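# Observations on the model geometry
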Amino acid sequence: MESVPDSLRRDIEAAAKLLAGARHVVALTGAGMSVESGIPPFRGPGGLWTKYGEPPMNGYERFLADPAAAWRERLSPSGPMRELWETLHRAQPNPGHLALVQLEELGILKHLITQNVDNLHLTAGSHKVAEIHGNATLVRCIECVARYQRGEISYEQLPPTCPRCGGILKSDTVSFGEPIPPDVLQRCFEQTEDCDCMIVAGTSATVYPAAQFPLDVRRRGGHLIEVNLYESELTAIASVSLRGESGSVLPALVAQLQKGGLGA
C-alpha cells in the first residue's frame, strides 16, 4: 500500500480488522465497478440515459404485450442498447473484481450480490454471486425461471420458448416494471440475514430492493464497509468509508488481510 495516503491506509487497516473478525461477509456491488471496466453508467455525466433519454418505465408491460417485437428489437439493437451491448462485449474484469475473487478464495467473502448485469464478477472467477438485476449474457423463462446462455436458444421463431416448460423466454436482465426473479431475491434476503459485515462497493445503494440490504445489516448491529469515490447516503452509517475506486481500494484491502496472516 505504498501509494495509499496515510488516512486511507488507516481506514483500510480498520476495514481489514472488521473483515477478519466477521462471521459472514457479503459484498454488494453496483455501477461504479462497471464504470471502472469501461461500461458507461445509465444515469449521470456520460450516462446512456443522459445521452439518449430515459427508456420507457413500462418495459416489462411492453414485453408482455408483444414479446416477438421486443425480441426483434433485442436481436437488432439501436441507440443506447446497441452502445451498451458493444461495450459489454468488450469489457473485462478490473482489479476490483479480481480482489473480490481473492476475498472469496481466502474464505472471507461468503457471497456477492451485484446490481450489475455485465457478467464481469463471474468472468473474473467469483462463484457465489446473486445477480439481482439479471445477467445480460443469459435468457430466462418468465414461467419457470430457468436460465440459458443466449447461444443455447434458437431464435428462428419469436418469441423463443423454454425447452423445459414451453414458457416465453426474455432476456435475464430485469426490465422496468418486472419483478425481481424470486429465486435470486430469496437468496439475497437469506445472505443479508446471515451477514454481519457488508462491503458496499461502487454503489450509492439507493435503488430498492438492493438499497435495503445494507440498512438491514446495520439495523441488526452489523458493520458496513463502504468503497466509493464519493460520499453517499450510507456514509453516515458506515463503520468505515474507503474513499476511492474499487479497483485500487479493494486490492489494497486484500493485501492488508494477507499482511495480517490471512492467505499469506
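Structure report, in brief. Everything quoted here is computed from the prediction, not taken from an experiment.

### Overview of the pattern of salt bridges
Tallied over the entire structure, the rule returns eight salt bridges. A salt bridge links Asp183 to Arg147, with the nearest nitrogen and oxygen atoms 2.7 Å apart. With Asp183 in helix H9 (residues 182–194) and Arg147 in strand S5 (residues 147–149), the pair connects residues that are 36 residues apart, well separated along the chain. Judged by its relative accessible area of 28%, Arg147 falls in the partly exposed class. Notably, a salt bridge pairs Glu226 with Arg243, separated by 3.7 Å at the nearest N-O pair.

### Structural notes on helix H11 (residues 246–259)
Side chains of residues three or four places apart in an α-helix project in the same direction, reflecting 3.6 residues per turn. The end-to-end C-alpha distance of H11, which contains 14 residues, comes to 19 Å, matching closely the 20 Å that a straight helix rising 1.5 Å per residue would cover. Taken together, the buried positions of H11 are Ser246, Gly247, Val249, Leu250, Ala252, Leu253, Val254, Gln256 and Leu257. Tucked into the core, H11 has its buried residues touching helix H1 (6–21), helix H2 (31–35), helix H7 (95–105), strand S7 (197–201), strand S8 (223–228) and strand S9 (240–243).

### Concerning the pairing of strand S4 (residues 138–141)
Where burial is concerned, the two faces of S4 agree: the one with Leu138 and Arg140 and the one with Val139 and Cys141 are both buried. In the sheet, S4 pairs with S5 via three bridges, with the strands oriented antiparallel. Considered in S5, the bridge of Arg140 is made with Arg147. In this structure, S4 lies alongside strand S6 (residues 169–171), joined through three bridges in antiparallel fashion.

### A look at the nonpolar core
Of all hydrophobic cores here, the largest spans 28 residues; its most connected members are Leu19, Leu100, Leu103, Ile199, Leu242, Leu250 and Leu253. Elements that contribute at least two residues to this core include exactly H1, strand S1 (25–29), H7, strand S2 (109–114), S7, S8, S9 and H11. Ranked by the residues each element gives to this core, the list is headed by H11, at six residues. In this view, Leu242 contacts Leu8, Asp11, Ile12, Ala15, Ile225, Glu226, Val227, Asn228, Val249 and Leu253; residues no more than four positions away in its chain are not counted.

About the criteria used
Residues numbered from 1 in each chain as written. Predicted model: local features only at pLDDT ≥ 70, side-chain atom pairs only at ≥ 80, totals over all residues. Heavy atoms only, no water. Salt bridge = Lys/Arg side-chain N within 4 Å of Asp/Glu carboxyl O. Helix = DSSP H or I, 4+ residues; strand = E, 2+ residues; numbered from the N terminus. Buried < 20%, exposed > 50% of the residue type's maximum accessible area, 1.4 Å probe, protein only. Expected span 1.5 Å × (residues − 1). Contact = heavy atoms within 4.5 Å. Pairing = 2+ DSSP bridges. Core = buried A, V, L, I, M, F, W, Y, C linked by side-chain atoms within 4.5 Å.

Such coordinate-based values are descriptive only and should not be taken to indicate function.
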